[in-house]
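Each chain, written out:
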Amino acid sequence: MRALLSRIEPVLPIATLGLLGLGVLAVASTAAGPRTPLEVGTGAGLRQIALAGLGLGALIAAALLDYRLLRRVALPIYAATTLLLVAVPVWQLSQVGCS
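Just so it is clear, the model here is predicted, and its values are computed rather than measured.

1. Comments concerning the overall build of the chain
- When you go through the chain residue by residue, the secondary structure sums to four helices and zero strands.
- Scanning the chain from its N terminus toward the C terminus, one meets helices and strands in the order α-α-α-α.
- Within the chain, the proportion of its 99 residues that are buried is 9%.
- Total accessible area on the chain is roughly 8200 Å²; 71% of this is exposed by carbon and sulfur atoms.

This is the structure:
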């Protein structure tokens, strides 16, 4: 386990946690509104914290991934990502803030 953790650049988790903290604060303060107290533990703030946890898990998985495996799956990942990018305007998903 120590060998796997030594492969992670030490600045990466610090910068990521800092940016995640700013993002959670921005979403929670925007969702709170001008006359409502800042409640990070409810609503949009809580959802942002949960998604940030998923993102941290993906970050750790990607940082520990063997680059030889990445070379083999790079083209399928690129194709899937491109298809998803094209699918957004085709399906015209309309949600709050996404139209």
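What follows picks up the thread again.
2. Quick notes on the side chain of Thr 16
- As for its placement among the helices and strands, Thr 16 is situated in helix H2 (residues 11–32).
- On the accessibility criterion, Thr 16 (19% relative accessible area) is buried.
- Ignoring sequence-local partners within four residues, the contact set of Thr 16 consists of Leu 56 and Leu 59.

3. Let's talk about a nonpolar patch on the surface
- A contiguous nonpolar surface patch, about 320 Å² in accessible area, is contributed by Tyr 67, Leu 70 and Ile 77.
- Secondary-structure assignment places Ile 77 in helix H4 (residues 67–91).

4. Observations regarding the environment of Glu 9
- Its location among the elements puts Glu 9 in the loop between helix H1 (2–6) and H2.
- The sequence separation of Glu 9 and Ala 63 amounts to 54 residues, and the corresponding C-alpha distance is 8.6 Å.

5. Some thoughts on helix H3 (residues 43–64)
- Look at H3: 32 Å from first C-alpha to last across 22 residues, which is about the 32 Å you get at 1.5 Å a residue.
- Listing the buried residues of H3 in full gives Gly 45, Ala 52 and Ala 63. On an axial view of H3, the arc spanned by its buried residues comes to 10°, and they lie on one face. Those residues of H3 that are exposed and aimed more than 90 degrees away from the buried face are Gly 43, Arg 47 and Leu 54.

6. Comments concerning the confidence of the model for the chain
- Per-residue confidence for the chain gives a mean pLDDT of 77; residues scoring 70 or more make up 76%.
- Averaged over each element, pLDDT in the chain is lowest for H1 (70) and highest for H4 (87).

Rules behind the numbers
Residues numbered from 1 in each chain as written. Predicted model: local features only at pLDDT ≥ 70, side-chain atom pairs only at ≥ 80, totals over all residues. Heavy atoms only, no water. Helix = DSSP H or I, 4+ residues; strand = E, 2+ residues; numbered from the N terminus. Buried < 20%, exposed > 50% of the residue type's maximum accessible area, 1.4 Å probe, protein only. Areas by Shrake-Rupley, 256 points an atom, 1.4 Å probe, with all protein chains shown as cover. Contact = heavy atoms within 4.5 Å. Patch = residues over 30% accessible without salt bridge, like charges linked within 9 Å, V, L, I, M, F, W, Y side chains within 5 Å. Salt bridge = Lys/Arg side-chain N within 4 Å of Asp/Glu carboxyl O. Expected span 1.5 Å × (residues − 1). Arc of directions from axis to C-beta. pLDDT = per-residue confidence, 0-100.

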